[in-house]
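Chain and residue survey
What follows is each chain in one-letter form.
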Amino acid sequence: MAERTLCIIKPDAVERNLTGAVLKMVQESGLKVVGIKMLQMSEQQAGGFYAVHKARPFFEDLCRFMCSGPIVVAVLEADNAVKRYRDLMGATNPANAAEGTIRKAYAQNIERNSVHGSDSLENAAIEIAYFFSNLELVG
Ligand code: UDP
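Residues numbered from 1 in each chain as written. Predicted model: local features only at pLDDT ≥ 70, side-chain atom pairs only at ≥ 80, totals over all residues. Heavy atoms only, no water.

A few words now on the environment of Tyr 85. Position of Tyr 85 relative to the elements: it lies in helix α5 (residues 81–89). It is 8.6 Å that separates the C-alpha atoms of Tyr 85 and Ser 29, two residues lying 56 residues apart in sequence. Those residues in contact with Tyr 85 that sit more than four places away from it in its chain are Thr 5, Leu 6, Cys 7, Ile 8, Val 26, Leu 31, Leu 76, Ile 102, Val 115, His 116 and Gly 117. (Helix = DSSP H or I, 4+ residues; strand = E, 2+ residues; numbered from the N terminus. Contact = heavy atoms within 4.5 Å.)

Contacts to the ligand come from Lys 10, His 53, Phe 58, Leu 62, Arg 86, Thr 92, Arg 103, Ile 110, Glu 111 and Asn 113. Here Asn 113 contributes a side-chain N or O atom positioned 2.9 Å from an oxygen atom of the ligand. A total of 500 Å² of accessible area belongs to the ligand in isolation, and the protein chains cover 81% of it. Spatially, the ligand is embedded in the largest pocket. Of the residues belonging to the shell around the ligand, the class tally is 3 nonpolar, 3 polar and 4 charged. (Near = heavy atom within 4 Å. Polar contact = N/O pair within 3.5 Å; in protein donor to acceptor, adjacent residues only side chain to side chain. Areas by Shrake-Rupley, 256 points an atom, 1.4 Å probe, with all protein chains shown as cover. 1 Å grid on protein atoms, 1.4 Å probe; cavity = no way out; pocket = protein on both sides within 12 Å on 5 of 7 lines; lining within 4 Å. Sits in = over half its atoms within 2 Å of the grid points. Nonpolar A, V, L, I, M, F, W, Y, C, P; charged D, E, K, R; others polar.)

The next subject is the side chain of Ser 118. Position of Ser 118 relative to the elements: it lies in the loop between β4 (115–117) and α7 (121–131). Looking at Ser 118, its side chain comes within polar contact range of the side chain of Thr 5, at 3.5 Å. There is a polar contact of 3.1 Å between the side chain of Ser 118 and the backbone nitrogen of Leu 6. Setting aside chain neighbours within four positions, we find Ser 118 in contact with Thr 5, Leu 6, Val 82, Arg 86, Asn 123, Ala 124 and Glu 127.

See below:
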């Protein structure tokens, strides 16, 4: 069944001019981009996005990092998109990421790990709505 998931190209990757390289891996894997834009979050907006991680020790650093520069947010569509994109991203810590994954290729460390992807279909719907209105999505 066709699903939609949220992809974020994080500040470390945008800053190193890796947006095109990441999108190439995404598109070559068969995930279709149905919405995309560049923006810079405020610390408050980053905190809202990562609210589920509020109690975690890395929360404040993560929010500071995520609003430290521009990001690219995209909505990806495909059969089984949530899992397919998670597999393509690779493990959170690039030291554990498999060959052929985005994080293996580009992540700098466990925080500056180049990409975000929704972890469930339910969260994907919430995360997509955080950044996009229906008018901004095609198909
Ligand atoms: N993160 C971090 N330190 C950690 C774990 C996670 O800085 O020990 C950051 C990292 O950028 C990660 C994000 O917090 O991508 C969200 O963590 P999660 O466990 O949800 O990993 P993901 O789903 O992104 O692989």
